[in-house]
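Residue-level listing of the chains:
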Amino acid sequence: MTDVLTGPVAANQRGLVAALARVRQALHRHAGTEPPSPNGATGPDDDHPAALDALCGTMSLSPFERDILLMCAGVELDASFAAACAAASGDPARPYPTFGLALAALAQPHWSALAPVSPLRRWRLVTPAAGGLTTAALSIEERVLHYLVGVDHLDERLSGLAEALPGADEPTPSQGRTAAEVARVWRAAEQPLPVVQLCGPDPVARRTVAVAACRELGVRVVSLAADRLPSDPHELDALVRLCARDAALSGAGLLLEADDVDTNPVVSRVVAGLDWPVLVSTREARRLPHRATVAVQVGRPTAAEQRALWRERLGAERTATVDALAAQFDLGQEGIRGACRQAGTADEGALWDACRTRSRPALDSVAQRVEPAAGWADLVLPPAANEVLRQVSAHVAHRLTVYEDWGLGRAGASRGLGTSALFAGPSGTGKTLAAEVLARELRLDLYRVDLSQVVSKYIGETEKNLRLVFDAAEEGGTVLLFDEADALFGKRSEVRDSHDRYANIEVSYLLQRMETYRGLAILTTNMREAIDTAFLRRIRFVVQFPFPDANLRAEIWRRVFPPTTPTVDLDIATLARLNVAGGNIRNIAVNAAFLAAAAGEPVSMAHLAKAARGEYAKLDRPLTATEIGGWS
């Protein structure tokens, strides 16, 4: 080790050389031989404390334990150390450090330094080889050796599990206030510090706050992925010690990233085994026994902050584009940067499409994407229902103007500001079609969630499934269509047993998420009367889809065939006598078109009569003479 550098690195090397020389001198003194010249080595620079001093302070090493560590490091760094160890042991075949040699040759010896719970062994600073405790060769861990000479990196055994986080995005003002709150919690707390749970829907925002909070305290952040940790307790404990050691050596707080609820036993064991500053990044607060915890909510940037982020990217002159994107999509710094990168252009249409597709990878695994093809012209409903649907569209499109610019959203915070709707009516009356129309009008993705598949008999599983859907959809402002709401809702406000109690919890959770969801959430039901009025009061819009009367059926028949479909002599009034819903009308029209195509003819009443018989048979209903009479 030569003094060829200047500044802190050189000061660290000078301090380490001087400390090694002192331990080597103790070995020679024990052997009764003349020690070599120290070559002018000096102690560590007062302005630049050596890594050794920092390690000893962090790990609470005694002077004896410090010298054992130096003796092990010396064998790796100084060729003369092996001979000094052999001479001090009185055995040329033992040119290595041992606990026995340390007890005999070094100052202030104590047997407790050999215990498994001692800092040297607990933190795996040195490792004894197989054999007797006092005679086995001691070696310094590679990671610790690199740290002592000024090379800082994560232990290679943590590869894929942990990472030292670089400086994250600069927090927005609201995130900066959250980070300052975390720092205040730790500054005011006594040892051991409480575990801080960073809770919220966006893992990137939670990382940003974690890095900012630790930076305010003068430490870095090492993140650990909870879902990659071993479940075996012995393996887990060993890995946790490695992580804690690396965080301590790096002067870092430990961020345990644990979005998956199933990792809770692992998370609990990790935090219980650490007395180091720990943050847990999670969607919702967890119960963590054996450690004091503080839960802090971390949100995405506010609507005003998102406007500022978009403006920074697109320019102050793009006000209309900025307002449109910030109103519909709930993106943080990384999301906005990623959308701009994906769009590859400042064109509003390309940016809009990039934003709305960001949720697809996560949503595709928990819901069914429906490509919205229908427009307002395809929807045949009474005027009152059409008017309510237009209002739903307006509420989604202009939420930023009303809630932010006009101030109507400030008093109620986020609760009740989501756009929720209940579509009620018999099957085939246009509920799903209306959702398609709204999604197409708003230029948003539409995802269908079958509530009968989401509801679970296991306590807590339904909420977990719903949380996955809403968290995945949040960024892209997706239209969520919850089909078969009867599977979850019902007249359950009167709790008779535990099943009713947990059903109410599930319903309340769904409604609470719908109330705070920035997109549009739609429930569909065939039985509005089965839904308790207490639940209905929490839904903003209720749209009734009636079974179509003859006039509505006639209008549906007029619109069911596109202009490109060849038809001949269709009698709309006669077709309207078929007492079926719009969905059945479309089925009859499509089946008749196939019959006509197979015959090489335009669609006629004969084809429609045959298709109608097939549809009625499927419905297990007779086709009456009133409905079919007079058809050719």
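As the structure is a computational prediction, the values presented were derived from the model and not from experiment.

This brings us to the nonpolar core. With 68 residues, the main nonpolar core has Leu-55 and Leu-69 as its most contacted residues. If near-sequence neighbours (up to four positions away) are discounted, Leu-55 is found in contact with Leu-61, Leu-69, Leu-125, Val-144, Tyr-147, Leu-148 and Leu-249. Residues Leu-309, Ala-374, Val-396 and Ala-421 belong to the second largest nonpolar core, which totals 45 residues.

Attention now moves to the confidence of the model for the protein. Confidence in the prediction of the protein, expressed as mean pLDDT, is 88, and 92% of residues score 70 or more. Every residue in residues 40–48 scores below 50 in pLDDT, and together they form 15 contacts with partners more than four places removed in sequence or on other chains.

One open sheet holds the 6 strands; their spatial order is S3-S5-S6-S7-S4-S8, and the pairing between them is mixed. Each end of this open sheet is capped by a strand with a single partner; those strands are strand S3 (162–164) and strand S8 (293–297). Each strand of the sheet is rotated relative to its neighbour by a mean of 25°, with strand direction disregarded. Pairing of strand S5 (residues 220–225) with strand S6 (residues 252–257), which is carried by 6 bridges, proceeds in the parallel orientation.

Right, let's get into the domain arrangement of the protein. When the domains of the protein are assigned, the result is domain 1 (7–149), domain 2 (156–297), domain 3 (303–365), domain 4 (370–544) and domain 5 (550–619). Here domain 4 and domain 5 have C-alpha centroids that lie 32 Å from each other. Counting residues at the interface gives 9 residues for domain 4 and 7 residues for domain 5. Roughly 500 Å² of surface becomes buried between domain 4 and domain 5 when both sides are summed, with 65% attributable to carbon and sulfur atoms. On the domain 4 side of the contact with domain 5, Ala-377, Val-380 and Gly-428 bury the most area, a combined 71% of that side's loss. Scanning the region where domain 4 abuts domain 5 turns up 0 salt bridges. The interface formed by domain 4 and domain 5 contains 4 residue pairs in polar contact (both at pLDDT 80 or more). Of the residues belonging to the side of domain 4 that touches domain 5, the class tally is 6 nonpolar, 3 polar and no charged.

At their nearest, the axes of helix H24 (residues 550–560) and helix H26 (residues 582–599) sit 10 Å apart, and the two run at 35° to each other. In this structure, the crossing between H24 and H26 has a hand that is right-handed. In this structure, H24 contributes Arg-553, Ile-556, Trp-557 and Val-560 to the contact, and H26 contributes Gly-582, Ile-585, Arg-586, Ile-588 and Ala-589.

Thresholds applied
- Numbering of residues begins from 1 in every chain and follows the order in which that chain's sequence is written.
- In keeping with the predicted nature of the model, local features appear solely for residues at pLDDT of at least 70, side-chain atom pairs appear and are counted solely at 80 or more, and the whole-chain, interface and lining totals rest on all residues.
- The basis for every side-chain value is the complete set of heavy atoms in the structure, and neither hydrogens nor water enter the calculation.
- For the purposes of this section, nonpolar cores are sets of buried Ala, Val, Leu, Ile, Met, Phe, Trp, Tyr and Cys residues that join through side-chain atoms within 4.5 Å.
- Burial here depends on accessible area, computed with a 1.4 Å probe over protein chains only, as a share of the maximum for the residue type. Under 20% is buried, over 50% is exposed, and the range in between is partly exposed.
- Residue contacts follow a heavy-atom distance rule, with two residues in contact if any of their heavy atoms lie within 4.5 Å.
- pLDDT is a residue-level measure of predictor confidence that goes from 0 to 100.
- For two strands to pair, DSSP has to find at least two bridges joining them.
- Secondary structure counts use DSSP, requiring at least four H or I residues in a row for a helix and at least two E residues in a row for a strand, with both numbered from the N terminus.
- Simply put, an axis is a line fit to the C-alpha atoms, just over the touching stretch for a helix, and the angle between two N-to-C directions goes from 0 to 180 degrees.
- Where a domain begins and ends is set by an automatic assignment or by a domain database.
- Values labelled buried area give the accessible surface lost by two parts on being combined, using a 1.4 Å probe and summing over both.
- The working definition used for a salt bridge is a side-chain nitrogen of Lys or Arg within 4 Å of a carboxyl oxygen of Asp or Glu.
- Residues adjacent in sequence count toward polar contacts only when both atoms are side-chain atoms; beyond that, a polar contact is any pair of N or O atoms within 3.5 Å, and within protein one must be able to donate a hydrogen and the other to accept it.
- Throughout, the ten residues Ala, Val, Leu, Ile, Met, Phe, Trp, Tyr, Cys and Pro are labelled nonpolar, Asp, Glu, Lys and Arg are labelled charged, and all others, Gly among them, are labelled polar.
- Crossing handedness is read from the near helix: turned anticlockwise from the far helix by less than a right angle, it gives a left-handed crossing, and turned clockwise, a right-handed one.

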